[in-house]
Amino acid sequence: MKKTIDENNIKATIFYENSSPDIILIQPTGEHEKNSIEEEYNLIKQKCRMNFAFAAFEIKDWNFELSPWNARQAFGDEEFGNGGKKTLENIKNILIPQLEKFFSSKPKYILGGYSLAGLFSLWSAYQTDIFFGIAACSPSVWLDGWIEYAEKNSIKTENIYLSLGNKEHKTRNFMMKTVKDKIILQEKLLENKNVFLEFNSGNHFRDTVERKAKGFLWCLNNEE
């Protein structure tokens, strides 16, 4: 089944089989991902028998709404903004209450996403303990100041999935070529948590739907 929520500048598409899910997966979704969301949901559903729903909420300005702070962009002239705080507030204060109203339940939540949405998900876990799992798929840990932030702060989520393509660091771009070293360091910084780092075959743009599904499935399998 499929439902759309559109309220207070939050628009989300919800996929579900049961009116009282135990777990809801939340994913920030850009325009470039809209046509593959249902495919991703079906991939997860095929491999998981748990009672879950999937909420893909619309991101209009990817570089602004998902970045925790202003920073340089790896490509092009458009810098990252600092809209991450507002986006997280919208998830906590608007989206989640709407989901609980629609389903009439108090489920657990997993937050996940790809690329900058993966970094946003990881950053959110340092801000709040409302998520029992984080699926940070190919997160932009090369962002200026990220590793320094992660070194100085404590994450509040117990289960963290990290992934990266094994060719993502093979680039001439001086920022993105550091991504492998930084995600390995990120894993070490979370060694007191239930963390899993997976290297997928290919570059940043290969099999993105499958990679996101794998991240959410890992989190679902670690639900207590």
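Structure shown above.
Residues numbered from 1 in each chain as written. Predicted model: local features only at pLDDT ≥ 70, side-chain atom pairs only at ≥ 80, totals over all residues. Heavy atoms only, no water.

Asker: Got a minute to help me understand the packing of helix α3 (residues 84-103) against helix α4 (residues 116-127) in this structure?
Answerer: For any two helices packed against each other, the geometry is given by the interaxial angle and the distance between the axes. With their axes 11 Å apart at the nearest point, α3 and α4 run at an angle of 70° to one another. As far as their axial angle goes, α4 and α3 are roughly perpendicular. In this structure, α3 uses Gly84, Lys85, Thr87, Leu88 and Ile91 to contact α4, whose residues at the interface are Phe120, Trp123, Ser124 and Gln127. When grouped by side-chain class, the residues that make up the contact of α3 with α4 number 4 nonpolar, 4 polar and 1 charged. (Axes fitted to C-alpha atoms, helices over the stretch in contact; angles between N-to-C directions. Helix = DSSP H or I, 4+ residues; strand = E, 2+ residues; numbered from the N terminus. Parallel < 35°, antiparallel > 145°, perpendicular 65-115°, else oblique. Contact = heavy atoms within 4.5 Å. Nonpolar A, V, L, I, M, F, W, Y, C, P; charged D, E, K, R; others polar.)

Asker: Any chance you could explain the pattern of salt bridges here in plain terms?
Answerer: Two side chains with opposite charge may pair up if their charged atoms get near one another. All told, the structure shown has 10 salt bridges when counted by the stated rule. A salt bridge links Arg72 to Asp144, with the shortest nitrogen-to-oxygen separation between them at 2.6 Å. Of this pair, Arg72 sits in the loop between α2 (62-65) and α3 while Asp144 sits in the loop between β6 (133-137) and α5 (146-152), and the two are 72 residues apart along the sequence. The partly exposed category is assigned to Arg72, whose relative accessible area is 39%. Linked by salt bridges that have partners in common, Glu33, Glu40 and Lys212 make up one network. (Salt bridge = Lys/Arg side-chain N within 4 Å of Asp/Glu carboxyl O. Buried < 20%, exposed > 50% of the residue type's maximum accessible area, 1.4 Å probe, protein only.)

Asker: Before we go on, may I ask you to explain the sheet that holds β6 in this structure?
Answerer: Each strand in a sheet pairs with its neighbour through backbone hydrogen bonds, running either in the same direction (parallel) or in the opposite one (antiparallel). Spatial ordering of the open sheet is given by β1-β2-β4-β3-β5-β6-β7-β8, a layout of 8 strands whose pairing is mixed. If you trace the sheet from one side to the other, it starts and ends with β1 (2-7) and β8 (194-200), each paired once. On average, adjacent strands in this sheet sit at an angle of 15° to one another, irrespective of strand direction. Bridge count between strand β3 (residues 23-29) and strand β5 (residues 108-114): 4 bridges; the pairing is parallel. Bridge pairing in β5 links Ile24 to Tyr109. Against the sheet, α3 makes contact with β1, β2 (10-16), β3, β4 (52-58) and β5, and its axis sits at roughly 45° relative to β2, the strand it touches most. Set on the sheet, α4 makes contact with β3, β5, β6 and β7 (159-165); between it and β5 the angle comes to about 145°. (Pairing = 2+ DSSP bridges.)

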